[in-house]
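Survey of secondary and tertiary structure
For reference, the chains in residue letters:
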Amino acid sequence: MTTLASVVAAFRENPNYAMMRGAARFRSINGVVKGAKGLIEGRAYRTLLGELQGRLGQSVFAGIDAEKFVADLERDGCAFGLTLPADAVNAVRAYAESAPVYADRKPSLGFRLDRHRDAEKALNRPILLAQYFNTEAQCPVIAKLRADPFLHYAAARYFGSAPFAHDPNLWWTFATNASEEDKVRHAHRFHSDVDDFAILKFFFYITDVAVGDGSHVLVRGSNRERPYRKFSDRLILRRYADDEITSFYPAQRIVDVGGPAGTGFAEDTFCIHKGNSPFDKPRLLLQFQFTLFDYDAQRDRIPAEQLQLIPLG
Ligand SMILES: O=C(O)CCC(=O)C(=O)O
Ligand SMILES: [Fe+2]
């Protein structure tokens, strides 16, 4: 729930970001900002597109029809069919097994993967989610993927202007006895992201993911057709209960994405979406996010001196 105090705190921390969050929940405003940025960039944008197009052959997704992918995105707010090469999946997996990971995305709560249960014991609570930091500096494959021309091309086309590429985001969600509060906090309840006036995220599963067991769920086209159930939904961002979404949209619009390790897709996360909490297998996900602007928010680069391991007995 948005309280006045949390709004004031957000403005104090990052006024530009807070202002954007106030405005970007309105589709009409998003369209105007997106269009204006494209107009202003004009020639520079077309040069960028040409340059990216020229490098599409170097992409690890070179087999994908980029025009169809962009058309799918424009129509549905999502596009499927990306596959990471097996050596990239293996390299990211190996990195994840060797580097510390941080409970609740908190730099002070580090642990090694094989000590997940011990870390839960030490904290005396379940750990639903844990994220890696400094992945781009530590894992060359992640750095290479973040620079992949296909991702930049698709984002540039979707925005109609030069996209800003955020730091990568690599995280586990675990099968554990998570609280409702943790599920809400870690995006396991339906919501829309409002991180900019336009946003595009690429999701890659690094582990095999079965439908319903840690899978990502999204509602096709819900970036346009919003699930407004009461007047305040037009103004205030909130999480939606499953039955609010399943009763609002036809079943065939709700896509629960399973797939083997390497499965990838793109989503305008203004679409309604959530992660399913795993009940059996943990999920490792690599995400690349693009937005129109850089608000210096949500970085994965954390200075080494701020990183700490949880003391385990
Ligand atoms: O874990 C998931 O599948 C959901 C993540 C999410 O909501 C997001 O990346 O915006
Ligand atoms: Fe989200």
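The paragraphs below set out a description of the structure included in this document. This is a predicted model, so every value here is computed, not measured. Sequence order as written defines the numbering, with residues in each chain counted from 1. Numbering of ligands from 1 and lettering of chains from A proceed in the order in which they are written. For this predicted model, a pLDDT threshold of at least 70 governs which residues receive local features, and a threshold of 80 or more governs which side-chain atom pairs are given and counted, while totals over whole chains, interfaces and linings are taken from all residues. Heavy atoms from the whole structure form the basis of all side-chain values; hydrogens and water molecules are not counted.

Moving on to the sheet that holds strand β8 (residues 216–219). Strands are treated as partners if at least two bridges between them are detected by DSSP. Helix numbering and strand numbering both begin at the N terminus, where a helix is a DSSP run of H or I of at least 4 residues and a strand a DSSP run of E of at least 2. An order of β9-β8-β11 is seen for the three strands of this open sheet, with the pairing classed as antiparallel. In the strand order of this sheet, the two ends are held by β9 (254–257) and β11 (273–275), each with one partner. The average angle at which neighbouring strand axes cross in this sheet is 15 degrees, direction not considered. Bridge count for β8 against β9 is four bridges, and the pairing is antiparallel. Bridge pairing in β9 places V219 opposite I254. Orientation is described by axes fitted as lines to C-alpha atoms, over the contacting stretch for helices, and by angles from 0 to 180 degrees between their N-to-C directions.

For patch building, the residue pool is restricted to those with more than 30% relative accessible area and no salt bridge; the joining distance is 9 Å between like charges and 5 Å between nonpolar side chains (Val, Leu, Ile, Met, Phe, Trp, Tyr). Surface accessibility in these figures is a Shrake-Rupley result with a 1.4 Å probe; residues are shielded only by whichever protein chains are displayed. Salt-bridge detection follows one rule: a side-chain nitrogen of Lys or Arg within 4 Å of a carboxyl oxygen of Asp or Glu. A grouping of F231, L235 and I236 is seen on the molecular surface, where their side chains present a nonpolar patch of about 300 Å² in accessible area. Locating I236 in the fold gives a position in the loop between β8 and α11 (242–248). Think of it in three bands: residues with accessible area under 20% of the maximum for their type are buried, residues over 50% are exposed, and the middle band is partly exposed, with areas taken using a 1.4 Å probe on protein chains only. The class of I236 is partly exposed, set by a relative accessible area of 37%.

To characterise two packed helices, one gives the angle between the axes of the helices and the distance between these axes. Running from N to C, helix α4 (residues 66–76) and helix α9 (residues 149–159) point in directions that differ by 45 degrees, and their axes come no closer than 10 Å. Here α4 lies oblique to α9, going by the angle between them. In terms of crossing hand, the pair formed by α4 and α9 is right-handed. The segment α4 lies against α9, with A66, E67, F69, V70, L73 and E74 engaging F150, Y153, A154, R157 and Y158. Its residues assigned to classes, the contact of α4 with α9 shows eight nonpolar, no polar and three charged. Orientation categories follow fixed angle ranges, with anything under 35 degrees roughly parallel, anything over 145 roughly antiparallel, 65 to 115 roughly perpendicular, and all other angles oblique. Helix crossings fall into two classes, left-handed where the near helix is turned counterclockwise from the far one by less than a right angle and right-handed where it is turned clockwise. Every residue pair with non-hydrogen atoms within 4.5 Å of one another is taken to be in contact. Classes in brief: Ala, Val, Leu, Ile, Met, Phe, Trp, Tyr, Cys and Pro nonpolar; Asp, Glu, Lys and Arg charged; the others, Gly included, polar.

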